[in-house]
Structures are given as C-alpha cells and as structure tokens.
Amino acid sequence: MALLYERVCTHVLEQIRRGTLRPGDRVPSEMELATQFEVSRITSKRALEVLREAGLVERIRGKGTFVVKRLPDLTGLTVPLRPTPRREARSIALIVPDMSEAYGLDLLNAIEERCSEYDVQLVVRRTHGRQTDEEKAVDSLVSTVDGLIVFPVHGDFYNASLLRQVLDGFPVVLVDRHLSGIPVAAVHTDNVAAARALTTRLLDQGHEHIAFVSPPPVNTSSIEDRLEGFRSAFEGRGHPYELTYLRSTLPGSTTTESVRADMEVIRAFRDSKPGVTAYFACEYNLARMVDRALGGDRVIACFDSPGDSIGGPPYLHVRQNQTEMGRRAVDLLLAQLGGESVPNLTYVPFELIEAEAHS
C-alpha cells in the first residue's frame, strides 16, 4: 500500500507526464495538495520535497513550487522516486574581499561548517577588495575546484572573468550582493527592506533629518539597495540627506591620509547640515568613523555591529544572518552540482537591534 506522500507524488508525476503540468508551470501549494488529498501539510510538504530531490520541481521561496525548466528522462520513472544522482563535489572555493568580526567571520565559519557536513574541501582566497585579484582568483580556481562562492568586490565594473564563468554554466553562488541583470544565484539580506526598517525606526524615534553615509554605491548592489531603502522610508515624512562618496573604509583603501580626509568631509557635511541629528552608515566601520568625526554628539545607526565583542560601541543596527547566508550558499552550490535549477535570488532574514539591547 502506497504511503500518503507517495500518492501525492504519483499524482504530480502523472500531471507532468500528460503535459497538464509543463516546464515552468506552478505546482499546487502544500496547502492546496493537503486539501485535495485530505492529508496533513507535513505530508504534502514531504511530497514536494521528494519531487524536488528527484529533479522534477524547484521550490522558490516566496513564490511557490514550479516544474523545472529542463525535465529529466521520465521513461521508467516510478514512485517511490529516487533523488537525482549528484555530481560529487570534491572541493569548492570561497572568494572574499576580507573578513572581520564586524562582518565576514560568521559567514566564513558557516560555509566552512556546511562544507564539513558534506565532506567537501573548502579553499579560501582573499582579494583585499581588488578586482584584479578577484579576476586572478576566479581564473586560477575554476580548473581546480568544482564550484565557486563569491563575495564580489566593491567596484564600478563587473568582473569579466566571473561573468564568463557564469555564462559558461560553471557553478557559482554570490553572497552578500547580486549582479543586476546577470542570471546567477545570489544569497543576501533584503537590503532594501532592511534599510527601510532601520530608517523608519530612526524616524519613529523623532529624527526628522537623517543622513545616509556610504562609499560610492555604483555597481555595488548592497549599497545601492540600502540607499533605495533609505530613500523609500521618507514618503510623506522627514528629510533625507546623502553623503555617498567616502572611500577610506573600502578594502585596500584604508590609510591614515584617506581616513583623515574622509573625517574632514564628514565634519564639513555636519557643519553644512546642522539640523541632521542621525546618521545611517551603510556598514559598521564607517559608523565608527562617523562617530569619531562627530565627537559622539549624533545618533549613529548602521548595518552589522560587533559592539562589545571587539570593544566597540553598540549602535542601533541591522543584524544580518550570516550563518544562514553561508549555509544556503553551500546548499545552492551543491544543488547546482547535482543538476538542479536554483533561484537567482535568495533572501535571508534580518533583525533590528537597539543599541541598548546589543548582546
């Protein structure tokens, strides 16, 4: 006698065989299948997961379940279904600008632990924020590893070597950022929503004049999205200001001279906009610089804040879930290696953390 979830699998498989469900079509949801077959959602969820493992459907967070664009050979395929054989990954590489306790170390730890769970070797290359080093890393690693996880550098231009690998179908997953218009899997925070939430919190606290502070956002999706979220929070309330040409906190650009120059720019901005009572820095190290430049007499908010763990002050901030980001990046890369279709965009959750509640 067939198990309950196998009845659901059989139904969906037959729908695909007959062409009632075609590649790209939406498959009924867990709730719809549970109602149709009078089973629990746990049962229908298991059925959809088995169908996914067999390479028949893909599940896209926030959208639903869809028949894969490229179906495997259905000849002789019967229930109970068996997972599509995976190409065994021997090693993958993580290419990252740099890492710190403020941001990056938790991401690295999660990727390393996930690779260990799957008995996959992890190779790490730091680019120090230089696109030339990123290109060299991509070119040298594609012949020695099975897939790449890339934290793209800040820059005005996309990495040609990386684009070439994506277009050639080499397994790649981006973390923290995405490349606009490029069909590559990316895992990151919903930066628009997170920045909007953080800005809204400042507005709710009574700050009417708020400045967004960042390096140049061009072609760095995380900053572009945070700036978009910041702007969108001011609909019908408050006054936004932008200071988006600081460079000293970029990887490889931190020198005594560059820091001194940026701090002078920040002070000049404060003097020209004395009504600004809160500054939203796009990342923690820049928040520290703004705080020092302004002498601690303005409210500071930012993305990510290690606070007391490295002796720095805790700010009102967005806490990104680096652990989940790292795990999902590995899972998506291994899914690609197994021949599965994966979504181009995967969001991980975030939290707003008050300064006094930091732990």
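Please read all numbers here as calculations on a predicted model, not as lab measurements.

Peer 1: If you had to explain the packing of helix α9 (residues 256–272) against helix α10 (residues 284–293) to someone new, which residues and values would you point to?
Peer 2: It is the contact of α9 with α10, at a shortest axis distance of 9 Å, that shows an interaxial angle of 60 degrees. As judged from the angle between their axes, α9 and α10 are oblique. Here the hand of the crossing between α9 and α10 comes out right-handed. Between α9 and α10, the contacting residues are Val-259, Asp-262, Met-263, Ile-266, Arg-267 and Arg-270 on the first element and Met-289, Val-290, Arg-292 and Ala-293 on the second. Across the contact of α9 with α10, the residue classes break down as six nonpolar, no polar and four charged.

Peer 1: Which residues make up the packing of aromatic side chains, and what are the values?
Peer 2: One pass over the full model with this rule turns up eight aromatic pairs. Ring plane angle 40 degrees and centroid distance 5.4 Å describe the contact between Phe-212 and Phe-230, whose orientation is recorded as tilted. Highlighted residues: Phe-212 in strand β9 (residues 209–213) and Phe-230 in helix α8 (residues 221–232), separated in sequence by 18 residues. With 5.2 Å between their ring centres and 65 degrees between their planes, Phe-212 and Phe-280 make a pair best called edge-to-face. Of this pair, Phe-212 sits in strand β9 while Phe-280 sits in strand β11 (residues 278–281); the two residues are 68 residues apart in sequence, bridging distant segments of the chain. Residues Phe-212 and Phe-280 agree in their burial class; the two are buried. An aromatic cluster of three or more residues is present, and its members are Phe-212, Phe-230, Phe-234, Phe-280 and Phe-303. Sitting over the ring of Tyr-5, Arg-46 keeps its end group 4.0 Å from the ring centre.

Peer 1: Describe the environment of Lys-45, and please don't skip the residues or the numbers.
Peer 2: For Lys-45, the position within the fold is in helix α3 (residues 41–53). We classify Lys-45 as partly exposed; its relative accessible area is 47%. Those residues within four positions of Lys-45 in sequence are excluded, and the remaining contacts are Glu-30 and Arg-59.

Peer 1: Tell me about the pattern of salt bridges, and please be specific about residues and values.
Peer 2: Under the defined criterion, the tally for this structure stands at 21 salt bridges. For Arg-114, the salt bridge is made with Glu-117, and the minimal N-O distance between the two is 3.3 Å. A residue pair is termed a helical-turn pair when its members lie 3 or 4 positions apart in one helix, as Arg-114 and Glu-117 do in helix α4 (residues 105–117) at three residues. On the accessibility criterion, Arg-114 (18% relative accessible area) is buried. For Asp-204, the salt bridge is made with Arg-237, and the minimal N-O distance between the two is 3.0 Å. Here the residue Asp-204 occupies a position in helix α7 (residues 191–204), and Arg-237 occupies one in the loop between α8 and β10 (239–243), the gap between them amounting to 33 residues. Of the residues examined, Asp-204 reaches a relative accessible area of 53% and is grouped as exposed. Salt bridges sharing common partners tie together Glu-30, Arg-41 and Arg-59.

Peer 1: With reference to specific residues and values, describe the packing of helix α5 (residues 131–141) against helix α6 (residues 160–167).
Peer 2: Contact geometry for α5 and α6: axes closest at 8 Å, N-to-C directions at 35 degrees. Facing α5, whose interface residues are Glu-135, Val-138 and Asp-139, α6 presents Ala-160, Ser-161, Leu-162, Arg-164 and Gln-165. By residue class, the composition of the contact of α5 with α6 is three nonpolar, two polar and three charged.

Peer 1: Give a detailed account of the side chain of Thr-199, specifying residues and quantitative values.
Peer 2: Residue position: Thr-199 is located in helix α7. The class of Thr-199 is buried, set by a relative accessible area of 0%. In terms of polar contacts, Thr-199 uses its side chain to reach the backbone carbonyl oxygen of Ala-195, at 2.8 Å.

Peer 1: For the sheet that holds β11, give the residues involved together with the corresponding values.
Peer 2: Read across the sheet, six strands follow the order β10-β9-β11-β12-β13-β15 without closing on themselves; strand pairing throughout is mixed. Where the open sheet ends on each side, the last strands, each with one partner, are β10 and β15 (350–353). For this sheet, the mean inter-axis angle between neighbouring strands, taken without regard to orientation, is 20 degrees. Judged from the five bridges that link them, β9 and β10 form a sheet pairing that is parallel. Bridge pairing in β10 places Ile-210 opposite Pro-240. Contacts from α8 reach β9, β10, β11, β12 (299–303) and β13 (316–320) within the one sheet, and its direction differs from that of β9 by about 175 degrees. Across the sheet, α10 touches β9, β11 and β12, and the angle it forms with β12 is around 165 degrees.

Peer 1: Tell me about unusual backbone geometry, and name the residues and values.
Peer 2: The residue Asp-176 is not glycine, and still its phi comes out positive at about 75 degrees. Relative to the helices and strands, Asp-176 resides in the loop between β7 (172–175) and β8 (185–189). The phi dihedral of Asp-304 falls on the positive side, at around 65 degrees, and the residue is not glycine. Positionally, Asp-304 belongs in the loop between β12 and β13. For Asp-304, a relative accessible area of 7% gives the class buried.

Peer 1: Mind laying out the sheet that holds strand β2 (residues 57–60), listing which residues take part and the relevant values?
Peer 2: On the basis of which strands lie adjacent, the open sheet formed by three strands has the order β1-β3-β2 and antiparallel pairing. For this open sheet the edge positions go to β1 (26–27) and β2, each flanked by a neighbour on one side alone.

Peer 1: Which residues make up the pairing of β13, and what values do they have?
Peer 2: In terms of burial, β13 is largely enclosed, as four of its five residues are buried. Both β12 and β13 contribute to a ladder of three bridges, which runs parallel. Residue pairing across strands places Cys-302 opposite His-317, the latter belonging to β13. When β13 meets β15, the two strands line up antiparallel, connected through four bridges.

Calculation rules
- Residues numbered from 1 in each chain as written.
- Predicted model: local features only at pLDDT ≥ 70, side-chain atom pairs only at ≥ 80, totals over all residues.
- Heavy atoms only, no water.
- Axes fitted to C-alpha atoms, helices over the stretch in contact; angles between N-to-C directions.
- Helix = DSSP H or I, 4+ residues; strand = E, 2+ residues; numbered from the N terminus.
- Parallel < 35°, antiparallel > 145°, perpendicular 65-115°, else oblique.
- Left-handed = near helix turned anticlockwise from the far one by under 90°.
- Contact = heavy atoms within 4.5 Å.
- Nonpolar A, V, L, I, M, F, W, Y, C, P; charged D, E, K, R; others polar.
- Phe/Tyr/Trp six-rings, centres within 6.5 Å; stacked < 30°, edge-to-face > 60°.
- Buried < 20%, exposed > 50% of the residue type's maximum accessible area, 1.4 Å probe, protein only.
- Lys NZ or Arg CZ within 6 Å of the ring centre and 35° of its normal.
- Salt bridge = Lys/Arg side-chain N within 4 Å of Asp/Glu carboxyl O.
- Polar contact = N/O pair within 3.5 Å; in protein donor to acceptor, adjacent residues only side chain to side chain.
- Pairing = 2+ DSSP bridges.

Any functional reading would require information that these geometric values do not contain.
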